[in-house]
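Analysis of the macromolecular model
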Amino acid sequence: MFSYRHAFHAGSHADILKHLILIHLVEYLQEKPGALTIVDTHAGAGIYSLKDGFAAISKEAEGGIVRLLKYIEAGNPIPESIQHYLEIIQSENTQEELALYPGSPFILANLLRPQDRLKLFELHPKEIDILRHNINQLKQSKQIDVYAEDSFSRLKGLLPPPSRRGLVLIDPSYEDKQDYRHLETAMEEALQRFATGCYAIWYPGLSRREAAALPDRMKKIATHHKRSWLHTELRVENAPGERRLQASGMFIINPPWTLEANLLQALPILIKALGVDSGAKFVLKSFEA
Ligand code: SAM
């Protein structure tokens, strides 16, 4: 436990998929003026340097955001949603060259309106200190609560939010195999308390049994609660062995009706921009309850 540091993966293809979807979800929910509560159950450090530290060692951003930027520099067209995502990432950088990659807490903070609230959970003893320090620098810090607690057991206590408008991002490291089981319990409890909330669950596209079964487990829970869902997966590579992450997915419960069309535009471009071999492909499925 606690060997996972998200800085190793900052700006990877998996971050691109997750953050692109996250931005769409927030902005759809903000079309109504009512206050929105956003819970980020697995926050990480908030923002990462791509120039030094763990990200510079792993170089995962080179197969993700850096590769995407090169694709655009080569004159290839991109849909508005990818352009908008890149503008948000760039807005955290003072130089034109990308030196910092914002994680979900900074992306979410950037999108907050005065009436919105953000709740961040982080358990790692080092990450929580960095996260607190980073959040304290933000002008939106008064709208943000940071909890050094286990979000799987604490999530239900925050639901439903007072305004009954809420988005929950669940982005575990799955470092502990129990995370898969904890996720299911947390989702059951969350939907019992707040069935109309929007839930976005990230998972790694791995062949290990628990990861491969996750989308079907989530479908079962959504169906049991009579909820609509959308499932998407982005595979950039299909090489033997799983030394590096080649695919990742998002499972959305109560997705906005606009999300599928948005992803239908973005995913083929992400395959072109980030695909490493002919195994690059995407999955996009949904069900309306
Ligand atoms: N959501 C972040 C982003 O998109 O930038 C990345 C988060 S990273 C994948 C997962 C984080 O969850 C790690 O920093 C880890 O320390 C933290 N974590 C692991 N188990 C947790 C738990 N039960 N409750 C809260 N945080 C946890």
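Thresholds, definitions, all that
- Residues numbered from 1 in each chain as written.
- Predicted model: local features only at pLDDT ≥ 70, side-chain atom pairs only at ≥ 80, totals over all residues.
- Heavy atoms only, no water.
- Helix = DSSP H or I, 4+ residues; strand = E, 2+ residues; numbered from the N terminus.
- Buried < 20%, exposed > 50% of the residue type's maximum accessible area, 1.4 Å probe, protein only.
- Contact = heavy atoms within 4.5 Å.
- Pairing = 2+ DSSP bridges.
- Near = heavy atom within 4 Å.
- Polar contact = N/O pair within 3.5 Å; in protein donor to acceptor, adjacent residues only side chain to side chain.
- Areas by Shrake-Rupley, 256 points an atom, 1.4 Å probe, with all protein chains shown as cover.
- Phe/Tyr/Trp six-rings, centres within 6.5 Å; stacked < 30°, edge-to-face > 60°.
- Lys NZ or Arg CZ within 6 Å of the ring centre and 35° of its normal.
- Expected span 1.5 Å × (residues − 1).
- Arc of directions from axis to C-beta.

Details of the overall build of the protein
In terms of regular secondary structure, the protein is built from 10 helices and 10 strands. Each of the three principal axes of the protein carries a C-alpha extent, and together these read 45 × 40 × 40 Å. By residue count, 55% of the 289 residues in the protein fall in the buried class. Of the contacts formed within the protein by residues at least 6 apart in sequence, a portion of 78% connects residues at least 24 apart.

Things to note about the pairing of strand β1 (residues 37-40)
Across a regular strand the side chains alternate sides, sitting on one face of the sheet and then on the other. Burial along β1 is two-sided: T37 and V39 and I38 and D40, pointing in opposite directions, are all buried. Across 4 bridges, β1 lies against strand β4 (residues 117-121) in parallel orientation. Note on β4: the bridge partner recorded for T37 is R117.

Examining the site of the ligand
H42, S104, E122, D150 and D171 are the nearest of the 20 residues found near the ligand. Between H42 and the ligand, the recorded distance is 2.7 Å, taken from a backbone N or O atom to a nitrogen atom. Between the ligand and D171, the relevant distance is 2.7 Å, taken from a nitrogen atom to a side-chain nitrogen or oxygen of the residue. Here the ligand loses 98% of its free accessible area of 610 Å² to cover by the protein chains. Elements supplying a minimum of two residues to the shell around the ligand: α1 (13-29) and α7 (151-154).

Some points on unusual backbone geometry
Along the chain, L159 connects to P160 via a cis peptide bond; the corresponding omega equals -5 degrees. A positive phi angle is found at Y174, which is not glycine, with a value near 55 degrees. By the secondary structure assignment, Y174 is in the loop between β6 (166-170) and α8 (178-193).

Structural notes on the packing of aromatic side chains
One pass over the full model with this rule turns up 6 aromatic pairs. In this structure, K18 is placed above the aromatic ring of W202, and the distance from its NZ or CZ to the ring centre is 5.7 Å. A cation sits over an aromatic face here: R154 above Y147, 5.5 Å from the ring centre.

With respect to the side chain of H231
Counting through the fold element by element, H231 comes out in strand β8 (residues 229-235). Overall, the relative accessible area of 5% leaves H231 in the buried class. A distance of 2.6 Å separates polar atoms of two side chains, one belonging to H231 and the other to Y203. Setting aside residues no more than four positions away along its own chain, H231 makes contact with Y203, P215, K219, M250, F251, V283, L284 and K285.

Here we look at helix α6 (residues 125-136)
Taking 1.5 Å of rise per residue, 12 residues should cover 16 Å, and α6 covers 17 Å from first to last C-alpha, within 8% of that figure. Along α6, the positions that sit buried rather than exposed are E127, I128, L131, N134 and I135. All buried residues of α6 fall inside an arc of 130 degrees around its axis, so they share one side. Exposed side of α6, more than 90 degrees from the buried face: K126, D129 and N136 are the residues found there. On its buried face, α6 sits against β2 (47-49), α5 (104-111), β4 and β5 (144-147).

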